[in-house]
Amino acid sequence: MTTGFQVRVADGPADREACFVVRKDVFVVEQRVPADIEYDSFDEIGTGTVHVLATADDGTPLGTGRLLHGPAAADRTGGDTTVGSLGRLAVTPAARGLGVGVALVHAIEDAARELGLVAVDLHSQTHALGFYERLGYAAYGEEFWDAGIGHRAMHRPL
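Here the structure is a predicted model, which means the values were calculated and not measured.

If you walk through the whole model with that rule in mind, you get 3 aromatic pairs. An aromatic cluster of at least three residues, connected via ring pairs, comprises Phe131, Tyr132 and Tyr137.

Given below as C-alpha cells:
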C-alpha cells in the first residue's frame, strides 16, 4: 500500500459509491453491522450532509466520513444547529496507520468551519476513544450501545 492519498469532499454518485464501498468493508463485513441500519436517509449527498472521501493515488477508496449539519444533525446535537455531527468515519484495514483517519477528521472539521459551525459532536466506538481524544475531542455521558457496539458521545469546539 502506498502512503500517498488525497482527501476531498465527495461529489456525485461515483464518490458516494466509493464511500459505500469503504463503509461496507469496515462496518458491514468487518464489524458485522447489519446493512439495513448502516445506510440511512442522510447518505444522499446534498443539503444537511457533507461526505468526505480519501483515495489512494491510483483512485482506490481508503476511507470516508460524513458531517451532518443543521436540522439533519439536531437529534444528535441536542437540537443545537451550530454544532455538527461527525459520523460514519471508516478507514479500510490496508490504509490504517497511514494518517487517513486524521486527515478525514480534519476535512470534516474544515467543512464544519466553512458552514459556520462552532463545534462537532460524534459517537465514538469505545475502542476508538483514544484516537479522537488525541484530536481534541472530550467524551461525555455514559457508554451506550449502537449496532451491538459500545459507544461514547464526544465533543470538540472548533
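If you check helix H3 (residues 100–114), its first and last C-alpha atoms are 21 Å apart, about what 15 residues at 1.5 Å a residue would give, namely 21 Å. Regarding H3, the residues found buried are Val100, Gly101, Leu104, Val105, Ala107, Ile108, Glu109, Ala111 and Ala112. Phi turns positive one or two residues past the end of H3, at Gly116, with a value near 85 degrees.

Take the nonpolar core next. The biggest cluster of nonpolar side chains holds 26 residues, and the ones touching the most others in it are Leu86, Tyr132 and Tyr137. For this core, the leading source of residues is H3, giving 7 residues. Core analysis: the next-biggest nonpolar cluster, separate from the first, contains 6 residues, Val26, Phe27, Val33 and Ile149 among them.

Turning our eyes to something else, we now look at unusual backbone geometry. Only a minority of non-glycine residues have a phi that is not negative, and only a minority of peptide bonds are not trans. Positioned with a positive phi, Arg32 is a non-glycine residue whose angle comes to about 60 degrees. Its place among the elements puts Arg32 in the loop between helix H1 (13–30) and helix H2 (35–38). Notably, Ala147 is not glycine yet its phi reads approximately 55 degrees, a positive angle. Tracing the chain through its elements places Ala147 in the loop between strand E6 (138–146) and strand E7 (149–157).

The strand order across the open sheet built from 7 strands is E1-E2-E3-E4-E5-E7-E6, with neighbouring strands paired in mixed fashion. Only two strands of the sheet have a single partner each, and these edge strands are strand E1 (5–9) and E6. This sheet shows a mean twist of 20 degrees between the axes of neighbouring strands, independent of strand direction. Two strands pair when backbone bridges link them, and E1 and strand E2 (residues 49–56) are joined in this way by 5 bridges, in the antiparallel orientation.

The tally for this structure, following the rule as stated, stands at 11 salt bridges. Here Arg76 ties to Asp75 by a salt bridge, and the two come within 3.1 Å at their closest N and O atoms. Salt bridges sharing common partners tie together Arg23, Glu38, Asp40, Asp43, Arg66 and Arg88.

The side chains of a regular strand alternate, first on one face of the sheet and then on the other. Sheet topology note: the strand E5 (residues 119–125)/E7 ladder contains 7 bridges and is antiparallel. Looking at E7, one finds that Asp121 is bridged to His155. Here E6 pairs with E7 via 6 bridges, running antiparallel. In the sheet register, Asp146 faces E7, and the bridge partner there is Ile149. If you look at the hairpin formed by E6 and E7, you'll find 2 residues sitting between the two strands, and Ala147 has a positive phi there, around 55 degrees.

Another aspect to go through is the environment of Ser41. Positionally, Ser41 belongs in the loop between H2 and E2. The class for Ser41 is exposed, based on a relative accessible area of 59%. Along the primary structure Ser41 and Ala72 are separated by 31 residues, whereas in three dimensions their C-alpha atoms are 9.7 Å apart.

Thresholds, definitions, all that
- Residues numbered from 1 in each chain as written.
- Predicted model: local features only at pLDDT ≥ 70, side-chain atom pairs only at ≥ 80, totals over all residues.
- Heavy atoms only, no water.
- Phe/Tyr/Trp six-rings, centres within 6.5 Å; stacked < 30°, edge-to-face > 60°.
- Helix = DSSP H or I, 4+ residues; strand = E, 2+ residues; numbered from the N terminus.
- Expected span 1.5 Å × (residues − 1).
- Buried < 20%, exposed > 50% of the residue type's maximum accessible area, 1.4 Å probe, protein only.
- Core = buried A, V, L, I, M, F, W, Y, C linked by side-chain atoms within 4.5 Å.
- Pairing = 2+ DSSP bridges.
- Axes fitted to C-alpha atoms, helices over the stretch in contact; angles between N-to-C directions.
- Salt bridge = Lys/Arg side-chain N within 4 Å of Asp/Glu carboxyl O.

All we've got here are geometric facts, nothing functional implied.
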